[in-house]
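# Close look at the chain arrangement
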Amino acid sequence: MSCNAAVFRFAPSPNGELHLGHAYSAMVNHDLARSSGGTFLLRHEDIDTARCTPAFERQVEEDLGFLGIEWDEPPRRQSAHMHDYAAALEALAAEDLVYPGFMTRGEIKAYVERYEEDEGKPWPRDPDGAPLYPGLDRHASSQERERRMSEGERFAWRLDVERAIEMVPALTWEEHGASPLGESGTIVARPLEWGDVVLGRMDIPTSYHLSVVVDDAIQNVSDVVRGRDLFYATSIHRLLQALLGLPDPRYHHHELILGDDGRKLSKSAQDTSLRSLREAGMTAEDIRRMVGLPGRPPA
Ligand code: GLU
């Protein structure tokens, strides 16, 4: 990661207060950018307009300022770029790679429970533990889709992952960090493990997976440095990059900062929020030491 043109980004969702885990991720990205003569970008991932607020966004910028982190370009706010994601979704739709999935969360749950009871074996789950989409409407006729959509039935745009993987070669990525199991180096992408993920909603023409790959490409991000909890999602990101003809960055999934109970920190846990640590009198150097980084960032 020492190439001059390296571009790093920190991409939080402004839907709560940043905690020590975010501080670690932001500081690792910022340190790498500064020590390699690269660029550091801030991106507000605020597609969930119901939960993301301008107040949290201001708080993110204040917290980063407190940590001594400066971004090299005005922050990109995803909610201002919906047309970029809509265009990507349309490109996939033009290849017949997405379909409207009408099953609600409740219907999926009921379907899976019935299957597990009848078959006596578990229904497959994605790496986050959620049941794979049963895809009963994957092959519905266009007339039926149009009828249900025009009747106002709710749906989400889902990737037809089996069809998608037939359109691209076997995919890998270069992992400079490690998976939760310690794998690194060349990693084989396994997008099938995620099933037919949601790529867009009725009201928002995107999802986390779609907007993150579109933005990383638009912003010329060369090095995606983020928490290990997103390691497995990279399989879907590589697939979308290949389908959309986007470049593939290097990936570095770093360890997570865990709470005293050994669990991942959450945005609702007040005691590790940067604001409360700052209010308790901690300095940026204290925070660096708390997360195991050297007291001073690279000059
Ligand atoms: N917005 C995501 C989050 O807050 C991070 C996205 C990424 O780094 O790829 O967890």
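About the criteria used
- Residues numbered from 1 in each chain as written.
- Predicted model: local features only at pLDDT ≥ 70, side-chain atom pairs only at ≥ 80, totals over all residues.
- Heavy atoms only, no water.
- Axes fitted to C-alpha atoms, helices over the stretch in contact; angles between N-to-C directions.
- Helix = DSSP H or I, 4+ residues; strand = E, 2+ residues; numbered from the N terminus.
- Parallel < 35°, antiparallel > 145°, perpendicular 65-115°, else oblique.
- Left-handed = near helix turned anticlockwise from the far one by under 90°.
- Contact = heavy atoms within 4.5 Å.
- Nonpolar A, V, L, I, M, F, W, Y, C, P; charged D, E, K, R; others polar.
- Buried < 20%, exposed > 50% of the residue type's maximum accessible area, 1.4 Å probe, protein only.
- Pairing = 2+ DSSP bridges.
- Core = buried A, V, L, I, M, F, W, Y, C linked by side-chain atoms within 4.5 Å.

Below, the discussion takes up the packing of helix H7 (residues 208-218) against helix H8 (residues 234-244). In a pair of packed helices, the angle between the axes and the distance between the axes together describe the arrangement. Packing of H7 against H8 leaves a shortest axis separation of 9 Å and a crossing angle of 60°. Overall, the two elements H7 and H8 adopt an arrangement that is oblique. In this structure, the crossing between H7 and H8 has a hand that is right-handed. Within the contact between the two elements, H7 uses Tyr208, His209, Leu210, Val212 and Val213 and H8 uses Ile236, His237, Leu240, Gln241 and Leu244. Split into classes, the residues belonging to the contact of H7 with H8 amount to seven nonpolar, three polar and no charged.

Looking now at the pairing of strand E4 (residues 98-101). Burial along E4 is two-sided: Val98 and Pro100 and Tyr99 and Gly101, pointing in opposite directions, are all buried. Relative to strand E5 (residues 156-159), E4 is paired through four bridges, and the arrangement is antiparallel. From the neighbouring strand, Gly101 faces E5, where its bridge partner is Ala156.

Below, the discussion takes up the environment of Asp72. Mapped onto the elements of the fold, Asp72 is located in the loop between helix H2 (54-66) and strand E3 (76-77). Given a relative accessible area of 39%, Asp72 falls into the partly exposed group. Along the sequence, Asp72 and Leu42 sit 30 residues apart, while their C-alpha atoms lie 8.3 Å from each other. Sequence-distant contacts of Asp72, that is, excluding residues within four places in its chain, are made with Arg34, Gly38, Thr39 and Phe40.

What follows concerns the nonpolar core. Grouped together as the largest cluster of nonpolar side chains are 35 residues, with contacts concentrated most on Leu92, Leu159, Leu199, Leu239, Leu240 and Leu243. At the level of secondary structure, the elements contributing two or more residues to this core comprise helix H3 (82-94), helix H6 (161-166), H7 and H8. Sort the elements by how many residues they give to this core and H3 lands first, with five residues. With residues near it in sequence (within four places) discarded, Leu159 still touches Leu97, Val98, Tyr99, Ala164, Asp196, Val197, Leu199, Leu239 and Leu243. Ranked by size, the runner-up nonpolar core spans 25 residues in total, among them Ala6, Tyr24, Leu64 and Leu274.

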